Amino acid sequence: MDPLYTSYPLSIDNSLTGEKEAFVPVHEGNVGMYVCGPTVYSDVHLGNARTFTSFDMIFRYLKHLGYKVRYVRNITDAGHLENDADTGEDKIAKKARLEQIEPMEIVQRYTVDFHKVMDALNAFPPSIEPTATGHISEQIEMVQSILDKGWAYESNGSVYFDVTAYNANGGAYGILSGRKMDELQAGTRALDGQEEKRNPSDFALWKKASPSHIMRWPSPWSVGFPGWHLECSAMSTKYLGETFDIHGGGMDLKFPHHECEIAQNNACSEQKGARYWMHTNMLTLNGKRMSKSTGNTILPRELFSGDSPLLDKGFSPSVVRFFMMQAHYSSVLDFSNDALLAAEKGHDRLLSALEKLDTLDASKESTIGLEAWIDKCYQAMSDNFNTPILIAHLFEAIKWISSAESAIALSSADLSIFKAALHSFAFDLLGLRKKSLDAGDAHKDALDKAMSLVIELRAQARLNKDWGTADLIRDQLQEAGIKLKDGAEGTNYSL
RNA sequence: GGUUCCGUGGCCGAGUGGCUAGGCACUGGUCUGCAAAACCAGCUACAGCGGUUCGAGUCCGCUCGGAACCUCCA
């Protein structure tokens with residue numbers, strides 16, 4: 001049987017060209033995808049979580065289509081300059097000194113935290129999660145190779161990429177972000193080492209370490225650390241090759257980070273690295289950019305627990321994920337208490353319909369066009385991963401399932417196809433998770449038994465028209481966070 | 001100031017020139033001891049002003065408003 005990607009060919013909005021393009025991988029049937037990971041010097045924030053959740057969905061769909069995917073997402077644990085430090089000191093080292101611990105201790109703590117958040121959001125780990133500090137020699141080799149080409153120069157122990165020379169020799173710095181060279185000259189500020197550069201738009205490939213800089217490695221030029229953009233070029237090349245399929249990251253990395261990456265890759269191997277660039281959009285909170293200084297910020301764990309002045313309550317990771325999937329990855333998404341509340345209701349309705357799916361009976365014949373429906377779902381996803389459209393189609397199916405009089409009938413063959421399709425769309429692709437999986441099963445069993453007893457007692461009271469007792473039970477349970485739902489076939493409850 | 005992008009019904013959010021996206025809220029109904037839940041039905045918007053077109057939410061121009069980037073940032 002042919003893989004799904006032949007029936008539902010994928011198209012991707014390529015930010016390198018600005019066009020939506022048919023996706024054709026370098027090696028048929030295989031996909032190499034590199035996504036810029038987090039800098040692990042503080043708590044992962046919600047924006048990071050959105051980006052990585054989007055790429056998790058993309059990873060899931062690529063695999064679902066039948067591709068063999070190698071998904072590489074790095075951990076940046078070295079090499080970024082502190083923006084408000086005039087020492088040119090490593091971000092991680094600076095924080096370490098403030099907290100009086102080892103840099104790698106910071107890295108470890110926030111890496112673990114990051115993994116916890118992504119796990120809660122039901123994101124698969126990438127195939128490879130390389131660290132910048134684990135790939136210093138590869139980065140040094142890359143610097144050397146660019147120097148050999150003549151597109152970089154050494155200055156006082158540091159090495160800078162020579163943007164002017166690169167562009168004079170056929171390079172296209174600015175190709176991704178649409179920036180023109182002359183526009184890049186203005187508006188620079190007094191960064192450390194600026195006087196070492198020939199040109200303000202040149203960027204560091206290797207930086208000589210100041211005496212206070214803790215993270216440092218020997219190199220042919222100085223004891224120092226790699227430049228801001230080098231790790232991604234080095235690691236994507238190492239694990240995916242000089243030319244690979246997809247490179248992703250947040251929109252904010254487009255310039256300068258990804259622009260520099262392309263230049264570095266191109267300078268080394270005359271390949272541009274990735275053929276398809278995908279940029280996920282930003283997340284705002286109550287219509288504004290998140291900012292710690294104004295208090296307009298929220299951490300994933302605060303979102304889950306509700307421990308924030310901006311929220312009435314906590315939202316389960318599956319609800320958060322559903323909320324994110326209701327918007328397209330390439331659109332700005334605004335987080336707010338009200339929007340989350342609305343998403344939660346939709347999410348819960350979707351999941352309870354999926355539970356009801358198991359109780360559906362098969363008929364002799366099908367009365368709906370199941371094939372056409374499944375086709376629509378795949379076409380939405382294959383059209384640049386349009387999860388909001390997929391969700392709209394899912395709600396159409398929900399209507400079929402939950403109509404009281406069973407508006408539809410499905411043959412037993414179709415019923416199992418229908419079940420399998422819904423499960424794979426909701427759980428395998430969107431990555432939603434059933435609530436019951438969160439609670440311990442033993443507790444759940446015990447609660448079920450206790451509740452059926454309470455429900456039985458209330459049913460007796462109602463039979464005796466003892467409304468006082470019946471309503472007391474209902475109201476007290478409500479206060480305890482348990483909601484009774486009276487239906488035609490008896491009463492059940494939800495937490 | 002420059003680059004990129006966005007402004008869709010009460011709210012959130014899809015829309016790839018012509019065919020009701022969807023969710024939440026709301027209103028009516030079914031059900032019900034009451035309520036909730038559930039189910040059924042209704043709710044037709046595209047910032048403003050011009051232009052192109054037989055036809056524009058969708059293309060072009062201008063105006064207003066917003067976002068990201070231009071300095072580390074998903």
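Counting from 1, residues in each chain are numbered in the order their sequence is written. Key to labels: chains lettered from A, ligands numbered from 1, both in the order written. Local features in this predicted model are restricted to residues whose pLDDT is 70 or higher, and side-chain atom pairs enter the listing and the counts only when it is 80 or higher, whereas totals over whole chains, interfaces and linings include all residues. Side-chain metrics in this entry use all non-hydrogen atoms of the structure; hydrogen atoms and water are not considered.

Q: Explain the overall build of chain A here, please?
A: To qualify as a helix, a DSSP run of H or I must reach at least 4 residues; to qualify as a strand, a run of E must reach at least 2; elements of each kind are numbered from the N terminus. Secondary structure summary: chain A contains 17 helices and 15 strands in total. Principal-axis analysis of the C-alpha atoms places the extent of chain A at approximately 90 × 55 × 35 Å. For every residue, the accessible area (1.4 Å probe, protein chains only) is compared with the maximum for its type, and the residue is labelled buried under 20%, exposed over 50%, or partly exposed between those bounds. Expressed as a percentage of the 495 residues in chain A, the buried residues total 52%. Residue contacts follow a heavy-atom distance rule, with two residues in contact if any of their heavy atoms lie within 4.5 Å. Contacts in chain A between residues far apart in sequence, at least 24 positions, make up 73% of those at least 6 positions apart. Residues counted as positive are Lys and Arg, residues counted as negative are Asp and Glu, and His and the chain ends are not counted. By convention, the charge on Lys lies at NZ, on Arg at CZ, on Asp at CG and on Glu at CD. Across chain A, the mean location of the 50 positive side-chain charges is 3 Å away from that of the 66 negative side-chain charges.

Q: Please clarify how the packing of helix α8 (residues 230-240) against helix α9 (residues 254-269) should be interpreted in this entry.
A: In helix packing, the relevant descriptors are the interaxial angle and the interaxial distance, both defined with respect to the helix axes. Axis lines are fitted through C-alpha atoms, for helices just across the contact stretch, and the angle between N-to-C directions can take any value from 0 to 180 degrees. Their axes nearest at 8 Å, the elements α8 and α9 cross at an angle of 50°. It follows that α8 is oblique to α9 by the angle criterion. The element α8 and its partner α9 pack so that their crossing is right-handed. Where α8 abuts α9, its residues Leu230, Cys232, Ser233, Ser236 and Thr237 lie against His257, Glu261, Gln264 and Asn265. Should an angle lie under 35 degrees it is considered roughly parallel, over 145 roughly antiparallel, and from 65 to 115 roughly perpendicular; all remaining angles are considered oblique. Take the far helix as the reference: if the near one is turned anticlockwise from it by less than a right angle, the crossing is left-handed, and if turned clockwise, right-handed.

Q: When you look at the pairing of strand β6 (residues 158-161) in this model, what are you seeing that I'm missing?
A: Two faces, one strand: in a regular strand the side chains alternate between the faces of the sheet. Alternating residues of β6 divide into Ser158 and Tyr160 and Val159 and Phe161, and every residue in both groups is buried. Strands qualify as paired when DSSP identifies two bridges or more between them. As paired strands, strand β5 (residues 152-155) and β6 are joined by 4 bridges and run antiparallel to one another. Its bridge partner being in β6, Tyr153 is matched across the sheet by Tyr160. The antiparallel pairing of β5 with β6 creates a hairpin that spans 2 residues between the two strands, and Asn156 there sits at a positive phi of about 55°. The pairing of β6 with strand β7 (residues 203-208) spans 3 bridges and is classified as antiparallel. Directly across from Tyr160, in β7, lies its bridge partner Ala204.

Q: What is the right way to look at the sheet that holds strand β12 (residues 288-289) in this model?
A: What links the strands of a sheet is backbone hydrogen bonding, and the strands pair in either a parallel or an antiparallel sense. Pairing within the open sheet is mixed, and its 3 strands lie in the order β12-β11-β13. Pairing within the sheet leaves two strands with one partner each, and these edge strands are β12 and β13 (333-335). Judged from the 2 bridges that link them, strand β11 (residues 283-285) and β12 form a sheet pairing that is antiparallel. The partner of Leu285 across the bridge, within β12, is Lys288.

Q: In this structure, what is going on with the domain arrangement of chain A? I would like to understand it.
A: When the parts of a complex come together, some accessible area is lost, and that lost area is often taken as the interface size. Under the domain assignment, chain A is made up of domain 1 (9-280), domain 2 (284-435) and domain 3 (439-494). Domain ranges listed in this record stem from an automatic or a database domain assignment. Centre-to-centre, using C-alpha coordinates, domain 2 lies 28 Å away from domain 3.

Q: Would you mind showing me how to read the environment of Leu4 here?
A: As for its position among the elements, Leu4 is in helix α1 (residues 4-7). Assessed through its relative accessible area of 24%, Leu4 is described here as partly exposed. Between the C-alpha atom of Leu4 and that of Phe52, which follows or precedes it by 48 residues, the distance is 24 Å. Beyond its immediate chain neighbours, meaning those up to four positions away, Leu4 contacts His64, Leu65 and Tyr378.

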